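Listed here are the chains, written in short residue letters.
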Amino acid sequence: MKEVWNFVSWQWTKFELWQKCWIFSSAFFGASLVVEAPYNFYLSFIPMVVILGTMIKWVIWDGS
């Protein structure tokens, strides 16, 4: 179990910021599938903001 935890923490440090944001937002999207209204809307709004922010960043800063 210690080896698994060490691997996960090692891999987490190797991820870039956008990859960490995608993992973070997918957890909120998964939570939005199991909760009732109106909380499912609020929880699904967070991944939409992350996706939109990432796409805008790619177009504006990385698109050149």
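Cut-offs applied
- Residues numbered from 1 in each chain as written.
- Predicted model: local features only at pLDDT ≥ 70, side-chain atom pairs only at ≥ 80, totals over all residues.
- Heavy atoms only, no water.
- Helix = DSSP H or I, 4+ residues; strand = E, 2+ residues; numbered from the N terminus.
- Rg over C-alpha atoms; globule rule 2.2 N^0.38 Å.
- Buried < 20%, exposed > 50% of the residue type's maximum accessible area, 1.4 Å probe, protein only.
- Areas by Shrake-Rupley, 256 points an atom, 1.4 Å probe, with all protein chains shown as cover.
- Salt bridge = Lys/Arg side-chain N within 4 Å of Asp/Glu carboxyl O.

### Some remarks on the overall build of the chain
Stage number 1. Broken down by element type, the chain carries 3 helices and 0 strands.
Stage number 2. In the chain, the succession of α and β elements from N to C terminus is α-α-α.
Stage number 3. For the chain, whose C-alpha radius of gyration is 15 Å, the value lies well above the compact-globule estimate of 11 Å for 64 residues.
Stage number 4. In terms of overall dimensions, the chain has a C-alpha envelope of 40 × 40 × 10 Å along the principal axes.
Stage number 5. Buried positions account for 11% of the 64 residues belonging to the chain.
Stage number 6. Accessible area of the chain: about 5600 Å², with a carbon and sulfur share of 74%.

### Topic: unusual backbone geometry
Stage number 1. The step from Ala37 to Pro38 runs through a cis peptide bond, and the omega angle for that step is 0 degrees.
Stage number 2. Relative to the assigned elements, Pro38 resides in the loop between α2 (17-32) and α3 (39-60).

### Brief notes about the environment of Leu43
Stage number 1. By the element assignment, Leu43 lies in helix α3.
Stage number 2. Separated by 19 residues in sequence, Leu43 and Phe24 place their C-alpha atoms 12 Å apart.

### Digging into the pattern of salt bridges
Stage number 1. One pass over the structure, following the stated rule, counts 1 salt bridge.
Stage number 2. In this structure, the salt-bridge partner of Asp62 is Lys57, at a minimum N-O distance of 2.8 Å.
Stage number 3. Overall, Lys57 belongs to the partly exposed group, its relative accessible area being 37%.

### Thoughts on the environment of Val8
Stage number 1. Structurally, Val8 can be placed in helix α1 (residues 2-14).
Stage number 2. According to the relative accessible area criterion, Val8 is partly exposed, its value standing at 43%.
Stage number 3. The sequence separation of Val8 and Lys20 amounts to 12 residues, and the corresponding C-alpha distance is 13 Å.

Limitation: the analysis is restricted to geometry and does not speak to function.
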